[in-house]
Amino acid sequence: MQLTPKLTNVETSIFTVMSALANKHNAINLSQGFPNFKSDQKLIDAVSKAMNSGYNQYAPMAGNIELREAISKKFEHLYNTTYHPETEITVTAGATQAIFTIITTFIKPNDEVIIFKPAYDSYQPSIEANGGKAIAIALEAPHYKMNWKLIEQRINTKTKMIIINTPHNPSGTVLSKNDMLKLQELTNGTDIIVLSDEVYEHIIFDGEQHQSACLFSGLKQRSFITASFGKTFHNTGWKVGYCCAPKALMEAFRAIHQFNVFSVHHPTQKGLADYLAEPNHYLELPHFYQEKRDAFLNLIKASRFKFTPSKGTYFQVLDYSEITNDYDLEFAKRLTIDDGIASIPLSVFNDNRRDDKVLRFCFAKTTDTLEQAAKILNTI
């Protein structure tokens, strides 16, 4: 039997590699992006209550209606715009499933999708699995800014989608209002769909406002927004997210979603719906995570690592160019094995494994963990 899989030469995820290495060598794991502190007990209790109240059978395909209504109210509260809970919001098995389904819904063989690297590692495989071609545009270190002239040059009749991510994983940068206006201008009058990955929308610092695609009328009409309750509420293992889009786009999305996932864990949806009734549960997150960012950077200020404070996400990029000239993947492995601290090398997110001599560290950790990590980093 001859097998012809859609994806070949796919390597094991760097997150799996570095977490396994951290476990093997008992290293502090600041690599994979998950908090090591508990979710709010109120949220856990709300999900437990939902289980005990009988929310244990299939949710509607689009998601629990109370949760969709809560999401709609959140958009109205934050961005003074909304999505209709019945026709424009779908609950998904995490944001990655939403992203894969969006790409599967619209991308056909030989379609081109513009992505920006370093990029979250699910984008390109999802495009290629559907026969599309990822057109990668580099975001240059250390500021990882958009090159709009180059983007304009890369758009052509084959361009069917542009994927943006703000706040940006792995760099911790954010798109500005001018960036979003430029994207709106470039896509105006085209059939290009914008996939706006906004899973860190509530984790943004220094008084900045998150520039959601829904704030710009021209973008909103052609955009999917994907989001993650796991990232927002410190429970990545629950794998519950959602996406929003205008009715026509969402109808097409649901045609694939119903045969891919159908519906998502019902009691968690009900618990989240009740929890979202209190807006402070997400409004307090920028302050919560900025305290952690500032504490981490203050703890390592005596180290030889260089940095620009993260503007969003719960990741901090550290430049090690004054420490060694080692390739970032080798340096990350050495830090894990010899020094007891795990990180993520950014070259794995770049085309041709471009090495900017930077590592990504997750600061969504307890104070004790950050203090232990800083002691190690200060000795390197």
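Computed from a prediction, not measured in an experiment: that's the story for all the values here.

On to helix 13 (residues 285-299), then. Counted at 1.5 Å a residue, the expected span for helix 13 with its 15 residues is 21 Å, and the 21 Å between its end C-alpha atoms agrees. Restricting attention to buried positions, one finds in helix 13 the residues Leu-285, Tyr-289, Lys-292, Arg-293, Phe-296 and Leu-297. Considered in projection along helix 13, the buried side chains sweep an arc of 125 degrees and stay on one side of the axis. Those residues of helix 13 that are buried lie in contact with helix 9 (229-232), helix 12 (280-283), strand 9 (315-319), strand 12 (358-362) and helix 15 (367-377).

According to the stated counting rule, one finds 20 aromatic pairs in the structure shown. The interplanar angle of 55 degrees and the centroid separation of 5.6 Å between the aromatic rings of Phe-75 and Tyr-79 together place this pair among those described as tilted. With Phe-75 and Tyr-79 both in helix 3 (residues 65-79) and 4 residues apart, this pair spans about one turn of that helix. The exposure classification of Phe-75 matches that of Tyr-79, with both residues buried. Aromatic pair Phe-224 and Phe-253: ring centres 5.9 Å apart, planes at 40 degrees, arrangement tilted. On the criterion of sequence distance, the pair formed by Phe-224 in strand 7 (residues 223-228) and Phe-253 in helix 10 (residues 247-260) is long-range, its members being 29 residues apart. Accessibility expressed as a relative area gives 0% for Phe-253, which makes it buried. Each residue in the set Phe-75, Tyr-79, Tyr-83, Phe-229, Phe-233, Tyr-242 and Tyr-275 is aromatic and connected to the rest through ring pairs, giving one cluster. Over the aromatic face of Phe-75 sits the side chain of Lys-74, whose NZ or CZ is 5.2 Å from the ring centroid.

The next point concerns empty space enclosed by the protein. Using the criterion set out here, one finds 3 cavities of 30 Å³ or more in the structure. In this structure, the largest cavity spans a volume of roughly 110 Å³. Around the largest cavity sit 16 residues that line it, and Phe-116, Leu-139, Met-146, Asn-165 and His-168 are the ones nearest its centre. Ranked by the residues each element gives to the lining of the largest cavity, the list is headed by strand 5 (residues 159-165), at 3 residues. Around the second largest cavity sit 13 residues that line it, and Lys-74, Glu-201, His-202, Thr-232 and Tyr-242 are the ones nearest its centre. When residues of the lining of the second largest cavity are traced back to their parent elements, those giving at least two are strand 7 and helix 9. Looking at the lining of the second largest cavity, its residues break down into 7 nonpolar, 3 polar and 3 charged.

Our focus in this paragraph is the pairing of strand 2 (residues 89-92). What you see with strand 2 is no split at all: Ile-89 and Val-91 on one side and Thr-90 and Thr-92 on the other are buried throughout. Relative to strand 8 (residues 241-244), strand 2 runs antiparallel, the two being bridged by 4 bridges. In the sheet register, Val-91 faces strand 8, and the bridge partner there is Tyr-242.

If you trace the backbone, Leu-249 turns up in helix 10. Given the relative accessible area of 14%, Leu-249 is considered buried. Residues in contact with Leu-249, not counting those within four places in the same chain, are Phe-106, Ile-193, Gln-221, Arg-222, Ser-223 and Phe-224.

Moving on, we come to helix 10. Compared with the 20 Å implied by 1.5 Å per residue over 14 residues, the 20 Å span of helix 10 between its first and last C-alpha is a close match. The largest bend in helix 10 is about 25 degrees, located at Arg-254. Within helix 10, the full set of buried residues consists of Leu-249, Met-250, Phe-253, Arg-254 and His-257. Summarising the contacts, the buried residues of helix 10 are in contact with helix 3, strand 2, helix 4 (94-106), strand 6 (193-197), strand 7 and strand 8. Where helix 10 ends, the next residue or the one after it, Phe-262, has phi of about 65 degrees, a positive value.

It is worth spelling out the sheet that holds strand 12 at this point. To summarise the sheet geometry, strands pair through backbone hydrogen bonds and adopt either a parallel or an antiparallel arrangement. What the 3 strands build is an open sheet, ordered 9-12-11; its pairing is antiparallel. Only two strands of the sheet have a single neighbouring strand rather than two, namely strand 9 and strand 11 (344-345). Here 2 bridges tie strand 11 to strand 12, and the two strands are oriented antiparallel to one another. Bridging across to strand 12, Ile-344 finds its partner in Arg-360.

Close contact between helix 4 and helix 10 brings their axes to 9 Å; oriented N to C, the two are set at 110 degrees. Between helix 4 and helix 10, the interaxial angle falls into the category roughly perpendicular. When you trace helix 4 past helix 10, the crossing you get is right-handed. Along its contact with helix 4, which presents Gln-97, Ala-98, Thr-101, Ile-102, Thr-104, Thr-105 and Phe-106, the element helix 10 presents Leu-249, Ala-252, Phe-253, Ile-256, His-257 and Asn-260. Of the residues contributing to the contact of helix 4 with helix 10, the split by class is 7 nonpolar, 6 polar and no charged.

The rules we used
Residues numbered from 1 in each chain as written. Predicted model: local features only at pLDDT ≥ 70, side-chain atom pairs only at ≥ 80, totals over all residues. Heavy atoms only, no water. Helix = DSSP H or I, 4+ residues; strand = E, 2+ residues; numbered from the N terminus. Expected span 1.5 Å × (residues − 1). Buried < 20%, exposed > 50% of the residue type's maximum accessible area, 1.4 Å probe, protein only. Arc of directions from axis to C-beta. Contact = heavy atoms within 4.5 Å. Phe/Tyr/Trp six-rings, centres within 6.5 Å; stacked < 30°, edge-to-face > 60°. Lys NZ or Arg CZ within 6 Å of the ring centre and 35° of its normal. 1 Å grid on protein atoms, 1.4 Å probe; cavity = no way out; pocket = protein on both sides within 12 Å on 5 of 7 lines; lining within 4 Å. Points joined across faces, edges and corners; volume = space filled by probe spheres on them. Nonpolar A, V, L, I, M, F, W, Y, C, P; charged D, E, K, R; others polar. Pairing = 2+ DSSP bridges. Bend = angle between axes of the 7 residues up to and from the residue. Axes fitted to C-alpha atoms, helices over the stretch in contact; angles between N-to-C directions. Parallel < 35°, antiparallel > 145°, perpendicular 65-115°, else oblique. Left-handed = near helix turned anticlockwise from the far one by under 90°.

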